[in-house]
Amino acid sequence: AAVQSEYSLWTLDVEREILAMCRHLRVGFVAYSPLGRGFLTGKYRENTKFETDDVRALLPRFEAEAMARNIAIVDEVTMIAARIGCTPAQLCLAWLLAKAEEIVPIPGTKNIRYLNENCEATKIKLNSVDLAQLQRVIRRTPVFGERYTPEGMKGVNV
């Protein structure tokens, strides 16, 4: 058995109750969108325009103003990744893998290069300094914009 929900450095809702319950019940947790729909990789900036068939074009966090404000998170993640010697995507995945053994991130990709890069994240072992630095980023850098539209948010964590 497993529970699947969004979980990343900019979507932490599951930390309130769900992860503890999974641990208690001994069920796995599948973290989807562990790279914040690609945003946490640094690939997208505030001037990025998404195609109309790209779901990000509809999501509040990907509106220009929200992206401009959320770049602070990406910049911090990128800086930490550079210090460790990995990509921002690998850092995000390694962070999830370090959180608990029952967590399995499922990053989506259409590119074999990114698939290989994501697999390499399993080799990154974050130490207490790395984890504390990421925790400080999470605490002091607010995320702007909801995960989904108001209608979509009605189905979150119900």
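The model shown is predicted, which means the values in this text are computed figures rather than measured ones.

**Observations concerning the sheet that holds strand β2 (residues 28–32)**
Consideration 1: Taken together, the 3 strands give an open sheet; going across it, the order is β1-β2-β3, and neighbouring strands pair in parallel fashion. Both edges of this open sheet fall to β1 (2–6) and β3 (103–106), since each of them pairs with a single strand only. The mean inter-strand angle of the sheet, taken between neighbouring strand axes irrespective of direction, is 25°.
Consideration 2: Relative to β3, β2 is paired through 4 bridges, and the arrangement is parallel. Note on β3: the bridge partner recorded for A31 is P105.
Consideration 3: Helix α3 (residues 88–99) contacts β2 and β3 of the sheet and is inclined by roughly 160° relative to β3.

**Regarding the pairing of β1**
Consideration 1: Of the pairings in the sheet, the one linking β1 to β2 comprises 5 bridges and is parallel in character. Residue pairing for β2: E6 is matched across the bridge by Y32.
Consideration 2: Taken together, β1, helix α1 (residues 18–25) and β2 constitute a β-α-β crossover, and its handedness is right-handed.

**A few points about the pattern of salt bridges**
Consideration 1: Counting across every chain of the model gives 12 salt bridges.
Consideration 2: In this structure, E6 and R147 form a salt bridge, with 3.0 Å as the shortest nitrogen-oxygen distance. Highlighted residues: E6 in strand β1 and R147 in the loop between α5 (128–140) and α6 (150–153), separated in sequence by 141 residues. We note that E6, like R147, is buried.
Consideration 3: In this structure, E15 and K99 form a salt bridge, with 3.2 Å as the shortest nitrogen-oxygen distance. Taken together, the residues span a long stretch of sequence, with E15 in the loop between β1 and α1 and K99 in helix α3 at a distance of 84 residues.
Consideration 4: Of the residues examined, K99 reaches a relative accessible area of 32% and is grouped as partly exposed.
Consideration 5: Among the charged side chains, a salt-bridge network with shared partners connects E6, D13, R16, R37 and R147.

**So, α3**
Consideration 1: Helix length check: α3, at 12 residues, gives a terminal C-alpha distance of 17 Å against a target of 16 Å (1.5 Å per residue), a fit within 8%.
Consideration 2: Within α3, 9 of the 12 residues are buried, leaving the element largely enclosed by the surrounding structure.
Consideration 3: Every buried residue of α3 is listed here: P88, A89, Q90, L91, C92, L93, A94, W95 and L96.
Consideration 4: Buried residues along α3 sit against β2, α2 (64–84), β3, α4 (112–120) and α5.

**Digging into the packing of α2 against α5**
Consideration 1: The geometry of α2 relative to α5 is characterised by a closest axis approach of 10 Å and an angle of 170° between their N-to-C directions. The angle between α2 and α5 places the two elements in the roughly antiparallel class. Facing E76, M79, I80, R83 and I84 of α2, the residues of α5 in contact are D130, Q133, L134, V137 and R140.
Consideration 2: When its residues are assigned to classes, the contact of α2 with α5 shows 5 nonpolar, 1 polar and 4 charged.

What counts as what
- Residues numbered from 1 in each chain as written.
- Predicted model: local features only at pLDDT ≥ 70, side-chain atom pairs only at ≥ 80, totals over all residues.
- Heavy atoms only, no water.
- Pairing = 2+ DSSP bridges.
- Helix = DSSP H or I, 4+ residues; strand = E, 2+ residues; numbered from the N terminus.
- Axes fitted to C-alpha atoms, helices over the stretch in contact; angles between N-to-C directions.
- Contact = heavy atoms within 4.5 Å.
- Right-handed = clockwise from strand over helix to strand, strands pointing away.
- Salt bridge = Lys/Arg side-chain N within 4 Å of Asp/Glu carboxyl O.
- Buried < 20%, exposed > 50% of the residue type's maximum accessible area, 1.4 Å probe, protein only.
- Expected span 1.5 Å × (residues − 1).
- Parallel < 35°, antiparallel > 145°, perpendicular 65-115°, else oblique.
- Nonpolar A, V, L, I, M, F, W, Y, C, P; charged D, E, K, R; others polar.

In short, the description is geometric, and any link to function would need to be established separately.
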